Structure formats: C-alpha cells, structure tokens
Amino acid sequence: MESDNVLEEPKKILCVGLVCVDLIQICESFPKEDSDQRCLEQRWQRGGNASNNCTVLSQLGAPCEFFGTVSKGVFADYVESDFRDLNISCDNCIVHEGCDFPLSSVIINKENGSRTIIHSNRNLPELTAEDFHKLDLSKYCWIHFEGRRNTSAISAMMRRVVHYNEEERSENQPRVRLSVELEKANRTQLLDLIPLCDVSFVGKDFATSQAYSTMSDTIRLLKPSLSPGSQLVVAWGDRGAMGVSKDGKIVQSIAYTPTEIVDTLGAGDTFVAATIFQLVNGGSLQESITFGCKLAGAKIAIEGLKNLG
Ligand code: FRU
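The protein chain has the name Ketohexokinase-like isoform X1 in an unreviewed UniProt entry, where Diaphorina citri is given as its organism.

This is the structure in structure tokens:
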C-alpha cells in the first residue's frame, strides 16, 4: 500500500520519435561513385533523433524514457539492451512484429567528420495518438517530440498533454512541458506544432528549406507563431544558436567548434538534449543554448554519443 511518506519517483523526460540502428563506416575520404574500397572502421550505433536525445540526457544524469515504435529481431534486441545499458527506459514502446527495423547507412568522412545518412524505413508504422494515450502522463516533467511525418498524430498527442495539464493534473503536480524539433527539410506541416509547445527547436535544414536564410530571419518569421510565454531556439551548425526567451528577448550563443572535427553524427540531437536538460533544471534560455552549443562541440570532437559526461 502506498503511504504519504513514500518518496515520489523523480519525473522523467520523455523523448518521442525514432529509434533505428546506424550502420556506420568511417572512410579516409568521401567515396567516389562506383568505386570499391575498405573503410577504416565500422560500427553499429543506436540512432534516431529521439533515441539520441535520450543517450545524451541519461549521461547528463536526467531520468529519461524513449517512446516510439519498434519491431522484433536482432536489431530490436540490440537497441533494447543498449537502452538498458544507459538506464534509458523503453518499457512503453509499441512493438510491431513482422516489420523491418529502421536502419541508416552512415558514411563518416574522416577528413572533416561529415556524416552522410541514407535511411531506410520500409514498413514500421509511426506512433499513433492512441498509442500515446496509454502513457501515464503524471510520470513526466517534459515531453519532447521529434518532428516526424505523422504531424497530425503528433498534434493530437500534444493536445492530449495540454488537456492533462489543464484538466487532469492535480494541483501539487507541475505542468508537463512540451517541446518539438523541426529538423528535416521541407516538412512544412510541422510549423502547425509550434503554437502548442513551450519550446520549439528549428534546425538549419528545415529553416533553409522554408527559404529562411539566417538565424535572425528564422526568428523574425517564426516569432509570431509562438504562444505567449513560449520559447524558440534556432540552431545553425557552425554559426551556433539563437533563441527568443519567454519575455521576447533575443539570446545567442557561438558554436564551440573543436580544433579537430571527428564525427558530426548526432550533434544536433546533442544540442537539443543538452538545452532541454538545462531548461528542465531551471537554466535561463541563454544558459541553456550555451550549454547546448558547448556539448554539441564536445560531441563532434569524439566518436559516437557515449563518453560525453
Ligand atoms: C542523427 C540521426 C541518426 C539517424 C538519422 C535519422 O540525427 O538520428 O542517428 O540515422 O538521424 O534521420
């Protein structure tokens, strides 16, 4: 029986989106088409933006959970045990037996650390709003959504959280805060999610695909979509990041580019996770994006997403 003195478990950060396996080959230089060569090294890595966000958050010491769809088989087993090794919960994931696990072939060019991703997702269904309704929202302090193609389902999931905050949450519980990442080019529909969120992250590829040419341009054009008191963060690779704080102030951080760039895979995911971590822990937007840029800089100086702590 639960008693009043039982300490409540700390609330988790939930990251909703993709988990895949990244099949990585590190090459001396970017390969010529129709050539035949050996790579310098190869490895598997658990990938996908939301899954990478969790890898970073858990190393920073934040209790976190991944929520997405998975299939069964060797890749699913690998991913599950890797989540467990890092103390990332994946207990609520939706299993679709008989589907292929999403995979990415990734070429990392040793000359400059660039990552070229060829992603395959043949038949694994996206999460639905019904899947999301099964979650007990009182367990979370923050829910971050990777902006995927299932925009209307994501919008329904966010509206479920808004309803929970307004109608179901008990008074002594904090509001569950919401964030979204708009990263992939041309997913224009994702713009509809901005007014529902406390924090919206917009990446350079998304921004330039909308013909926003700079960080300031992106801020100027998207600021009117923010609901009162919410924040916008724009990340621009080696130009750093810029944001609009709750009171409408513009904040900015430089990029902390290391002398040698080893591996840029997941740098954007590192930035988002580190920024959320600081915000959850009471940091200002300025402090949070600066921390995000610093950790993203530290990430590109090393291989993979582990050993960031
Ligand atoms: C990096 C990443 C990879 C994955 C790809 C999916 O941001 O999440 O781990 O293969 O993007 O688009």
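Further notes follow.
**Student:** Please explain the overall build of the protein chain as it appears in this structure.
**Tutor:** Helices and strands together make up the secondary structure of the protein chain, namely eight helices and 14 strands. Rg of the C-alpha trace for the protein chain: 19 Å, near the compact-globule value of 19 Å for 309 residues, within the 12% margin. Over its C-alpha atoms, taken along the principal directions, the protein chain stretches across nearly 65 × 45 × 35 Å. Expressed as a percentage of its 309 residues, the buried residues of the protein chain come to 51%. Excluding contacts between residues fewer than 6 apart, the proportion of contacts in the protein chain whose partners are at least 24 apart in sequence is 68%. When the accessible area of the protein chain is evaluated, it comes to approximately 15200 Å², of which 48% is carbon and sulfur surface. Here the protein chain contributes 31 positively and 41 negatively charged side chains, and the mean placements of these two sets differ by 4 Å.

**Student:** Explain the sheet that holds strand S1 (residues 12–16) to me, please; I cannot follow it from the model alone.
**Tutor:** Here we have eight strands laid out as an open sheet, ordered S4-S1-S9-S10-S11-S12-S13-S14, and mixed in their pairing. Whereas interior strands pair on both sides, the edge strands pair on one side only; in this sheet they are strand S4 (64–67) and strand S14 (250–253). Going from strand to strand, the sheet's axes swing by 15° on average, the running direction of each strand aside. Where strand S10 (residues 177–182) meets strand S11 (residues 199–203), four bridges bridge the pair, whose relative direction is parallel. Bridge assignment links Val-180 to a residue of S11, and that residue is Ser-200.

**Student:** Would you take a moment to explain the environment of Ile-117 for this structure?
**Tutor:** You can see Ile-117 is positioned in strand S8 (residues 115–120). Take Ile-117: its relative accessible area is 40%, and that puts it in the partly exposed class. A C-alpha to C-alpha distance of 18 Å links Ile-117 and Phe-75, two positions 42 residues apart in sequence. In this structure Ile-117 touches Ser-104, Ser-105, Val-106 and Leu-265, once residues within four positions along its chain are discounted.

**Student:** Before we go on, may I ask you to explain the pairing of strand S9 (residues 140–146) in this structure?
**Tutor:** Regular strands place their side chains on alternate faces of the sheet. Where burial is concerned, most of S9 is hidden: seven out of the seven residues are buried. The pairing of S9 with S10 spans five bridges and is parallel. Its bridge partner lying in S10, Trp-142 is registered against Arg-177. On the question of chirality, the crossover connecting S9 to the parallel S10 by way of helix H4 (residues 151–168) is right-handed.

**Student:** Help me understand the UniProt feature "domain: Carbohydrate kinase PfkB" (unreviewed entry) in the protein chain, please; the structure alone is not making it clear to me.
**Tutor:** In the numbering adopted here, UniProt assigns the feature "domain: Carbohydrate kinase PfkB" (unreviewed entry) to residues 11–303. Within residues 11–303, the helical portion is 31% and the strand portion 25%, while the C-alpha atoms at the span's ends are 30 Å from each other.

**Student:** What am I meant to see in the packing of helix H7 (residues 267–280) against helix H8 (residues 285–300) here?
**Tutor:** For any two helices packed against each other, one specifies the inter-axial angle together with the distance between the axes. Contact pair H7 / H8: the axes reach a minimum separation of 7 Å and the direction vectors enclose 145°. Remark: the crossing between H7 and H8 carries right-handed chirality. In contact with Ala-267, Thr-270, Phe-271, Ala-274, Thr-275, Phe-277, Gln-278 and Leu-279 of H7, H8 contributes Leu-285, Glu-287, Ser-288, Ile-289, Phe-291, Gly-292, Cys-293, Leu-295, Ala-296, Lys-299 and Ile-300. Classifying every residue of the contact of H7 with H8 gives 12 nonpolar, five polar and two charged.

**Student:** Before we go on, may I ask you to explain the environment of Val-180 in this structure?
**Tutor:** Residue position: Val-180 is located in strand S10. Taking the C-alpha atoms as reference points, Val-180 and Asp-91, 89 residues apart in sequence, are found 22 Å from one another. With residues up to four places along the chain from it excluded, the contact list for Val-180 reads His-144, Phe-145, Gly-147, Met-158, Leu-193, Cys-197, Val-199, Ser-200 and Phe-201.

Reading the values: rules and limits
- Residues numbered from 1 in each chain as written.
- Predicted model: local features only at pLDDT ≥ 70, side-chain atom pairs only at ≥ 80, totals over all residues.
- Heavy atoms only, no water.
- Helix = DSSP H or I, 4+ residues; strand = E, 2+ residues; numbered from the N terminus.
- Rg over C-alpha atoms; globule rule 2.2 N^0.38 Å.
- Buried < 20%, exposed > 50% of the residue type's maximum accessible area, 1.4 Å probe, protein only.
- Contact = heavy atoms within 4.5 Å.
- Areas by Shrake-Rupley, 256 points an atom, 1.4 Å probe, with all protein chains shown as cover.
- Lys, Arg positive; Asp, Glu negative; His and termini not counted.
- Charge placed at Lys NZ, Arg CZ, Asp CG, Glu CD.
- Pairing = 2+ DSSP bridges.
- Axes fitted to C-alpha atoms, helices over the stretch in contact; angles between N-to-C directions.
- Right-handed = clockwise from strand over helix to strand, strands pointing away.
- UniProt positions renumbered as here; feature names shortened; annotations may be inferred.
- Left-handed = near helix turned anticlockwise from the far one by under 90°.
- Nonpolar A, V, L, I, M, F, W, Y, C, P; charged D, E, K, R; others polar.

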